[in-house]
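Inside the fold
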Amino acid sequence: MGRENKYSVFVNLILVMLLSLSVCQTLYTSLFMTYRWSINIFLYVVPLTFIFYLMLKNKVTCIVSGITLFLLAGCSFVIVYNSNSFSSYSIWLIDTMQGYIGEPNLRYQTITVFLITFIVTLMVYIFAIKLYNIYLVSFITFSLFFGQAYANIFVSKPAFVLFLFSFLLYYFFYILKVRTEGKSYDPGNRLKYLLYIIPVCIAVLILSFNFPIGNKRISWPWLDSKLDKAIESFSHKNTSSFDFFSLNATGFGDNDILGGNISPDKTHVMDVKSEYYNLYLKASSKAYYNGHGWYDDDPTYNPVYGNAVQSPFSNISVDANQFEAGSLINSSSNKNELYKSSKIEVKFKNLKTKSLFIPAKTYQITPKKLLKLFIDNSGMISAEKTQGSNFEYIVNFDYMFLNSDEFKNSIRQSYKGYLMDNLYTYEKNQFKLLFNIDIDNLSDEDRNVIASVNVFRTLQDQLREIYTKYVSLPSTVTQRVRDLAENITINQSNNYDKAKAIETYLATNYPYTLKPGKPPLSKDFVDYFLFEGKKGYCTYYATAMTVLLRCIGIPARYVEGYILPPDNRNGIFKVTNQQAHAWVEAYFEGFGWIPFEPTSPFVAAMYQDNHIRPVIATNMTGQYYDEYRRMMEKYQRGNNNQTIDLSGNLPADNEDSNTIRVAFITAISLISLILLAILIIVSFNRIKFYYLLSKIRKQNPNDAVLTAYSYIIKLFKLQNVTISAGETPFQFGTRVEKIMDFKGYSFNKYDFNIITEYYVKARYSRDTLPDKAKQDMIDFIETVLKLTSEKVNRVKFNFYKYFLGKV
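Here goes a summary of the coordinates provided. The shown structure was predicted, so the numbers you read here are calculated from the model rather than taken from an experiment.

What counts as what
- Residues numbered from 1 in each chain as written.
- Predicted model: local features only at pLDDT ≥ 70, side-chain atom pairs only at ≥ 80, totals over all residues.
- Heavy atoms only, no water.
- Helix = DSSP H or I, 4+ residues; strand = E, 2+ residues; numbered from the N terminus.
- Buried < 20%, exposed > 50% of the residue type's maximum accessible area, 1.4 Å probe, protein only.
- Contact = heavy atoms within 4.5 Å.
- Areas by Shrake-Rupley, 256 points an atom, 1.4 Å probe, with all protein chains shown as cover.
- Pairing = 2+ DSSP bridges.
- 1 Å grid on protein atoms, 1.4 Å probe; cavity = no way out; pocket = protein on both sides within 12 Å on 5 of 7 lines; lining within 4 Å.
- Points joined across faces, edges and corners; volume = space filled by probe spheres on them.
- Nonpolar A, V, L, I, M, F, W, Y, C, P; charged D, E, K, R; others polar.
- Phe/Tyr/Trp six-rings, centres within 6.5 Å; stacked < 30°, edge-to-face > 60°.
- Lys NZ or Arg CZ within 6 Å of the ring centre and 35° of its normal.
- Axes fitted to C-alpha atoms, helices over the stretch in contact; angles between N-to-C directions.
- Left-handed = near helix turned anticlockwise from the far one by under 90°.
- Expected span 1.5 Å × (residues − 1).
- Core = buried A, V, L, I, M, F, W, Y, C linked by side-chain atoms within 4.5 Å.

A few words on the overall build of the chain. A tally of regular secondary structure across the chain gives 29 helices and 16 strands. Within the chain, buried positions represent 50% of all 807 residues. Of the contacts made within the chain by residues no fewer than 6 positions apart, 76% connect residues no fewer than 24 positions apart. Of the roughly 38900 Å² of accessible surface on the chain, 57% is carried by carbon and sulfur atoms.

See below:
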């Protein structure tokens, strides 16, 4: 018997290893999207199996091990929670689970594999060996594999085959165990059963090689927004979350009505690697003003079909191409003094949005993962789905030297009709720029082919829209606002100088403050700002300049996004919601949309001119506003060097909020897994109980009595009442009745001696029992359950009932 026990222990340990290896490997395959086997899984599973055997050997070791694990887990959580590297690991893990594999990190991968093997091996040992619940093991493991197959994600076929092999062995030994307990099995017949099962194993393994596998990553998009809201609520730290970007989501008010006191929060929303510190990244543009706010008509989102600089039909680069070609119409222009091709790298942090943030004159966007992009009527770019933390993309654009005399002189040439008056030169430069074709030296046939292409039809359609949509004004705009626009620009002869005059007027005559008070709804917002309130923040300035430009017929639009902060670390700019901003873009035919900065403290930054003095209101007092003032002073001082050292890499984590985020994700994930496991176990055991009752009702009376009596004996064991050696059923029944007094408890309705008599007749007599016997057995089960729940410790009873399935 001792050899048999040792043999059983050895076999059980082997089964745990095989089952754990198969499950861990398929999880490893799905998580890291690789079919390569991990030797670390084997190195972890084998010793963990023996450790769990010693830990769970008896009640004493279980209690000691449980307390020890709980204390170690608590201490580890506190240590890891305060660790500087914890947040970077969490970001890596989230990226990995979402299918984005960046630089390999063997240390993080090793930690993850160990955690998987630890949890899986422990669960397998508990449910497959200690509880020996083959139904639960079958449900969980087969659900895992078939769930992966249904979702068409990465599944390891060899791991599935190994699982089937180990499960068949497990099932084989389960049969041996049941038959041994039922005294109907001779252990010496093990070889016979093995010979019976081998053909079945072979057939199943052959079929398993046709098991469908997929190659998609793990994806839970439905969980994303819910998780971020929970994290924000738990950590009390904001995650800026919105479908499309709006200043309202960054602390600039809470509705579509402009104005009011604000306190922009300091949520870290993105990191930007750039060689320029005065870069403006736009994500939203509004066309229509209604007297109190900005709105747009129903925008159309078209897929970006030419997301590359070399594509002549790229709708993402129309504005940049117009600027490049238009700047060459005047042969005296020096390209190097107008703009320079550059690029930035953007990485989202505590940000969830479809909007992409891009500089003016963007001509190429390259996400670091496969992503479908869309562009709206105003050239704003968005993704098909919401993107979250660690989403990265590269933007190529033309950096304009806005403060150079060459740039200003070129823009001054623009006027309405500029393109039509210079169409031949414009087309010549465009074809040279886009196709590398010199149309002066083409044959007539080639000229006809080029004419049929009509590259500029889109541009001409845009011009018609621009000169109607972006000069429109509501009736709320007062005459004194229109007169002011005329008076400011009366001495200027071209549109560019007129725009600069309005920009300078607003930046030098209206103090900047974050506490301007709430404007009255009875008055037009711009009229109130210009003539009564006379102070405000970026949305005030940008709205006023856009309206003033439209008053004199210059197309203009209100733009929202972020401006890079004044400080950087090796070219990495940490952008927060304090840098959320609104500014203006005015349209100059032949050059496209050109940005302007009428907001007083930020003018110096846009034009890299620290001689421009900001006007700041005196009512911005308090700790928060002092900090904000210091930021604006840094913008004023500017950067002595136009370019910045780009030796740094985008940071992999955010120390401010990612630690809490990851700790919360980890805790919620573990709690969710535990609750899910509890729910599955409880549901399974309750279903098994009701299945037993249903089975008794469907059986004939004799079989029903035998099934019910067997279950009743199990209930007696909870009260340590078992049949003694040599005791007859009637002797046992009399003893039980004296101990439990069922007759007295059930008000003379039930007597265990009657139940025993049913059992003896069903077991040893050929007579058929009446149907009443079946119902009496079911009713007696309910009585035993109630009595047991009262006499046994309630915690123990519920544990046996809901978790062990023995009740």
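Okay, the pairing of strand 12 (residues 392-400) next. In terms of burial, strand 12 is a largely internal element, nine of the nine residues being buried. Burial of the side chains of strand 12 extends over both faces: Glu392, Ile394, Asn396, Asp398 and Met400 are buried on one face and Tyr393, Val395, Phe397 and Tyr399 on the other. When strand 9 (residues 362-367) meets strand 12, the two strands line up antiparallel, connected through five bridges. Across the sheet, Ile365 pairs through a bridge with Val395, a residue of strand 12.

As a further point, take empty space enclosed by the protein. The tally for this structure, following the rule as stated, stands at two cavities of 30 Å³ or more. Considering only enclosed or pocket space, the second largest cavity measures out at about 30 Å³ in volume. The wall of the second largest cavity is formed by Ile257, Leu258, His292, Pro519, Pro520, Leu521, Lys523 and Phe525. In terms of residue class, the lining of the second largest cavity is built from six nonpolar, one polar and one charged.

Below, the discussion takes up unusual backbone geometry. Residues other than glycine seldom take positive phi values, yet Asn390 does so here, at roughly 75 degrees. Of note, Asn390 is situated in the loop between strand 11 (381-387) and strand 12. Given the relative accessible area of 6%, Asn390 is considered buried.

All right, on to the packing of aromatic side chains then. The full count for this structure, using the stated rule, is 38 aromatic pairs. Above the ring of Tyr467, the side-chain terminus of Lys416 is found at 4.7 Å from the ring centroid. Sitting over the ring of Trp593, Arg557 keeps its end group 4.1 Å from the ring centre.

The next thing to look at is the packing of helix 18 (residues 495-509) against helix 20 (residues 538-551). It is the contact of helix 18 with helix 20, at a shortest axis distance of 10 Å, that shows an interaxial angle of 145 degrees. The interaxial crossing formed by helix 18 with helix 20 has right-handed handedness. Here Ala499, Ile502, Glu503 and Leu506 of helix 18 come into contact with helix 20, specifically with Tyr541, Ala544, Met545, Leu548 and Leu549. For the contact of helix 18 with helix 20, the residue count by class is eight nonpolar, no polar and one charged.

What follows deals with the environment of Val9. Summarising the element assignment, Val9 is placed in helix 1 (residues 2-32). The class for Val9 is partly exposed, based on a relative accessible area of 29%. Expressed as a C-alpha distance, the spacing of Val9 and Tyr53, which sit 44 residues apart in the sequence, is 9.1 Å.

Take helix 20 next. The terminal C-alpha atoms of helix 20 lie 20 Å apart, and with 14 residues this matches the ideal 20 Å at 1.5 Å per residue to within 8%. In terms of burial, helix 20 is a largely internal element, 14 of the 14 residues being buried. At the C-terminal side of helix 20, Gly553 shows a positive phi close to 85 degrees.

It is worth spelling out the sheet that holds strand 16 (residues 592-596) at this point. Taken in spatial order, the four strands make up an open sheet running 3-13-15-16, and their pairing is antiparallel. Each edge of the open sheet is held by one strand with a lone partner, namely strand 3 (280-286) and strand 16. Each strand of the sheet is rotated relative to its neighbour by a mean of 40 degrees, with strand direction disregarded. Taken together, the five bridges between strand 15 (residues 580-588) and strand 16 define a ladder with antiparallel strand orientation. Bridge pairing in strand 16 links Phe588 to Gly592. Set on the sheet, helix 18 makes contact with strand 15 and strand 16; between it and strand 16 the angle comes to about 25 degrees.

All right, on to the nonpolar core then. Among the nonpolar cores identified, the biggest contains 98 residues, and Met270, Phe357, Leu506 and Leu530 are the most heavily contacted of them. Ranked by the residues each element gives to this core, the list is headed by helix 20, at 10 residues. Counting residues in each nonpolar core, the second largest holds 41 residues, with Leu122, Ala128, Val137 and Phe160 among its members.

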